[in-house]
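What the coordinates show
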Amino acid sequence: VGGFKEGGEMTNDLWSFSAKDMKWEKLHDANVKGAPPGRDAQGLTVDEETGAVYLFGGLKGIQPMEAFNDLWKWEPKTKKWTEIKAKADDEWPCVRYFQSFTAIGGGKALLYGGNTSDVAPKGTEAHYFHELDLKTGAWKKLSHPSELRCYQDALWHPTLKRLIVLNGGYSAANDEVFAYDPANDAW
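Nothing here was measured: the structure is a model prediction, and the numbers come from that model.

Conventions we followed
- Residues numbered from 1 in each chain as written.
- Predicted model: local features only at pLDDT ≥ 70, side-chain atom pairs only at ≥ 80, totals over all residues.
- Heavy atoms only, no water.
- Helix = DSSP H or I, 4+ residues; strand = E, 2+ residues; numbered from the N terminus.
- Buried < 20%, exposed > 50% of the residue type's maximum accessible area, 1.4 Å probe, protein only.
- Contact = heavy atoms within 4.5 Å.
- Areas by Shrake-Rupley, 256 points an atom, 1.4 Å probe, with all protein chains shown as cover.
- Patch = residues over 30% accessible without salt bridge, like charges linked within 9 Å, V, L, I, M, F, W, Y side chains within 5 Å.
- Salt bridge = Lys/Arg side-chain N within 4 Å of Asp/Glu carboxyl O.
- pLDDT = per-residue confidence, 0-100.
- Core = buried A, V, L, I, M, F, W, Y, C linked by side-chain atoms within 4.5 Å.
- Pairing = 2+ DSSP bridges.
- Axes fitted to C-alpha atoms, helices over the stretch in contact; angles between N-to-C directions.
- Polar contact = N/O pair within 3.5 Å; in protein donor to acceptor, adjacent residues only side chain to side chain.

**Considering the overall build of the protein chain**
The helix and strand tally for the protein chain stands at zero helices and 15 strands. Residues classed as buried in the protein chain amount to 45% of the 187 residues present. Long-range pairs, those at least 24 residues apart, make up 44% of the contacts in the protein chain with a sequence separation of at least 6. In the form shown here, the protein chain has an accessible surface area of approximately 10200 Å², with 52% of it arising from carbon and sulfur atoms.

**Notes on unusual backbone geometry**
The phi dihedral of Lys 79 is positive, around 55 degrees, even though this residue is not glycine. Inspection of the secondary structure assignment puts Lys 79 in the loop between β7 (66–75) and β8 (80–84).

**Focus: a nonpolar patch on the surface**
Together, Trp 15, Phe 17, Met 22 and Trp 24 make up a nonpolar patch on the protein surface, roughly 500 Å² of accessible area in all. With respect to the secondary-structure elements, Trp 24 resides in strand β4 (residues 23–28).

**As for the confidence of the model for the protein chain**
When pLDDT is low, close inspection of the predicted coordinates is not appropriate. Across the protein chain, pLDDT averages 81, with 81% of residues at or above 70. Mean pLDDT values for the elements of the protein chain range from 68 in strand β1 (residues 3–4) up to 95 in β8.

**Some words on the nonpolar core**
Core analysis: the biggest nonpolar cluster contains twelve residues, these being Ala 52, Tyr 54, Phe 56, Leu 71, Ile 84, Trp 92, Phe 101, Ala 109, Leu 111, Leu 132, Leu 134 and Trp 139. Broken down by secondary-structure element, the contributors of at least two residues to this core are β6 (53–61) and β10 (108–112). In terms of nonpolar packing, the next biggest core, distinct from the first, is built from eleven residues, Ile 104, Phe 129, Trp 156 and Val 165 among them.

**Notes on the sheet that holds strand β11 (residues 129–133)**
Whenever strands of a sheet pair, they do so through backbone hydrogen bonds, lying parallel or antiparallel. Taking strand neighbours across the sheet as the criterion, the four strands line up as β9-β10-β11-β12 in an open arrangement whose pairing is antiparallel. In this open sheet, the two strands that pair with only one neighbour each are β9 (100–105) and β12 (139–142). Within the sheet, the average angular offset between the axes of one strand and its neighbour, ignoring direction, is 25 degrees.

**Regarding the sheet that holds β6**
Strand order in the open sheet formed by four strands is β5-β6-β7-β8, and the pairing between neighbours is antiparallel. The open sheet has two edge strands, β5 (43–46) and β8, and neither has a second partner. Across the sheet, the mean angle from the axis of one strand to that of its neighbour is 30 degrees, orientation sign disregarded. Bridging between β6 and β7 involves seven bridges; their strand directions are antiparallel. Looking at the pairing, Gly 58 lines up with Phe 68 of β7.

**Overview of the pattern of salt bridges**
Under the counting rule described, the total for this entry stands at eight salt bridges. One salt bridge connects Lys 73 with Glu 75, and the closest N-O pair in it is separated by 3.0 Å. Judged by relative accessible area, which is 21%, Lys 73 ranks as partly exposed. Through salt bridges with shared partners, one network takes in Lys 108, Glu 131, Asp 133 and Lys 140.

**Concerning the pairing of strand β3 (residues 14–18)**
Alignment of β3 against β4, held across five bridges, turns out to be antiparallel. Note on β4: the bridge partner recorded for Leu 14 is His 28. In textbook terms, the turn of a hairpin is the stretch between consecutive antiparallel strands, and for β3 and β4 this stretch comprises four residues, one of which, Met 22, has a positive phi near 55 degrees.

**Describing the side chain of His 130**
Residue placement: His 130 occurs in strand β11. Among the polar contacts made by the side chain of His 130, one reaches the main-chain carbonyl oxygen of Glu 91 at a distance of 3.0 Å. Setting aside residues no more than four positions away along its own chain, His 130 makes contact with Glu 91, Trp 92, Pro 93, Arg 96, Ala 109, Leu 110, Leu 111, Trp 139, Lys 140, Lys 141 and Leu 142.

Right, dumping it as structure tokens:
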């Protein structure tokens with residue numbers, strides 16, 4: 001979903017790729033009513049149990065550098081977007097872009113790292129690691145490593161039941177690989 005078009009315009013069109021047919025299918029055009037605003041560098045994940053697509057954050061624009069901290073859910077059965085709003089007791093993540101957002105099964109997803117435009121100094125890595133309950137839309141803060149990163153890759157390893165963070169991200173020595181254990185909230 002989304003991205004930059006030539007000239008820096010943000011789009012919010014939605015596409016699906018079939019690995020079986022090796023073809024792209026447009027699910028909706030840009031500026032469809034009820035879809036999230038156009039953006040780039042957002043976090044996107046799929047709940048394998050329901051097939052729902054979840055979108056968090058991303059860049060609003062470059063000049064000035066601003067980001068979102070909104071959460072959206074796209075239902076494949078209805079082909080509709082729904083914005084999930086914060087609840088009073090939520091530990092909602094700050095705005096961010098270039099983060100990792102990964103469903104881990106059991107109705108949970110992890111939001112890791114990224115850059116933020118609302119924490120001084122501007123452009124520093126996001127400071128908190130969060131878990132999203134995909135069923136309720138509630139966020140909670142988790143333990144985080146001593147240094148969070150942006151521009152990293154992260155994936156859920158279903159056999160090890162760990163979030164594996166690869167390549168260290170855009171920070172000092174970019175050669176680390178580390179893992180998070182959600183059962184023990186430990187790195």
